[in-house]
Amino acid sequence: MKKSIFTIIISMVVLVGMIISLFIAYKDIGSVFAAKFILYYLIFLVLFIIYIVTVTIINFRKLNKKDKRKRFFFIIISFILISCCNFIFYYVKEPSEINFYNIVLTPAFISFIFVLADLPFSTKKRNIIELTDLSEDLHL
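Residues numbered from 1 in each chain as written. Predicted model: local features only at pLDDT ≥ 70, side-chain atom pairs only at ≥ 80, totals over all residues. Heavy atoms only, no water.

1. Some words on the confidence of the model for the protein
Here is the rule: Known as pLDDT, the predictor's confidence for each residue is given on a scale from 0 to 100. For this analysis, residues touch if any pair of their heavy atoms sits within 4.5 Å.
Confidence in the prediction for the protein averages 84 pLDDT; 86% of positions are at 70 or higher. Across residues 126-132 the pLDDT falls below 50, and counting only partners more than four positions away or on other chains, this stretch makes 4 contacts in the model.

2. Concerning the packing of aromatic side chains
Remark: the centre distance and the inter-plane angle together describe each pair of aromatic rings, the angle taken between the planes. The cut-off we apply is this: Aromatic pairing here means that ring centres of Phe, Tyr or Trp (its six-membered ring) are within 6.5 Å. Orientation follows from the plane angle: under 30 degrees is stacked, over 60 is edge-to-face, and everything else is tilted. Helix numbering and strand numbering both begin at the N terminus, where a helix is a DSSP run of H or I of at least 4 residues and a strand a DSSP run of E of at least 2. Buried means the residue's accessible area, taken with a 1.4 Å probe over protein chains only, is under 20% of the maximum for its type, while exposed means over 50%, and partly exposed covers the values in between.
As enumerated under the stated definition, the model contains 7 aromatic pairs in all. Seen in terms of ring centroids, phenylalanine 37 and tyrosine 41 are 6.5 Å apart; in terms of plane orientation they differ by 10°. Their pairing is stacked. Taken together, the residues span about one helical turn, with phenylalanine 37 and tyrosine 41 both in helix H2 (residues 32-62) at a distance of 4 residues. Looking at phenylalanine 37, the relative accessible area reads 23%, which means it is partly exposed. Tyrosine 41 sits in the buried class, given a relative accessible area of 10%. Ring geometry for phenylalanine 72 and phenylalanine 73: centres 5.9 Å apart, planes at 55°, overall tilted. For phenylalanine 72, a relative accessible area of 47% translates into the label partly exposed.

And the structure:
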C-alpha cells in the first residue's frame, strides 16, 4: 500500500501545533494571539479527528475480505487480552475500583486504535494491483 502524503502532512501540522500549544501553556503566555491560536488549533484538531475517522472507514471498506477478517479477529483477541490484564491489575491493586469503563471500554478503544491505526495513512490502488495479479496469473 502506498502512503497518503496529504494525511502525513496534516499529521505533522497537528504535531507542530500541539508543541506550540504546550509551549504557550507551559510559559503561561496570556496574549490575545495565544488565545486565538489555541482556539483555532482546537477547532483544527476536531476537524482532523473527523477526517482521520472518515479516511479510516473509507480505507477499511477498500480492504479485501481476508484482510478485514484478519483485522477483526486481531481486534477481538487484543480486546480480550487487554481486558483480562486490566481485570487482573485492578483486582490486585484495588478491587473496589473495578468498573465497566476500566474493564471493557478502554480496552475496546485501545484495540480499535491499535489495529486500525495504519489505515488513514495508506492508499490502495485497486486497478494496478488487479492488473499485476492478472499478469502474474497469465505468466506475462
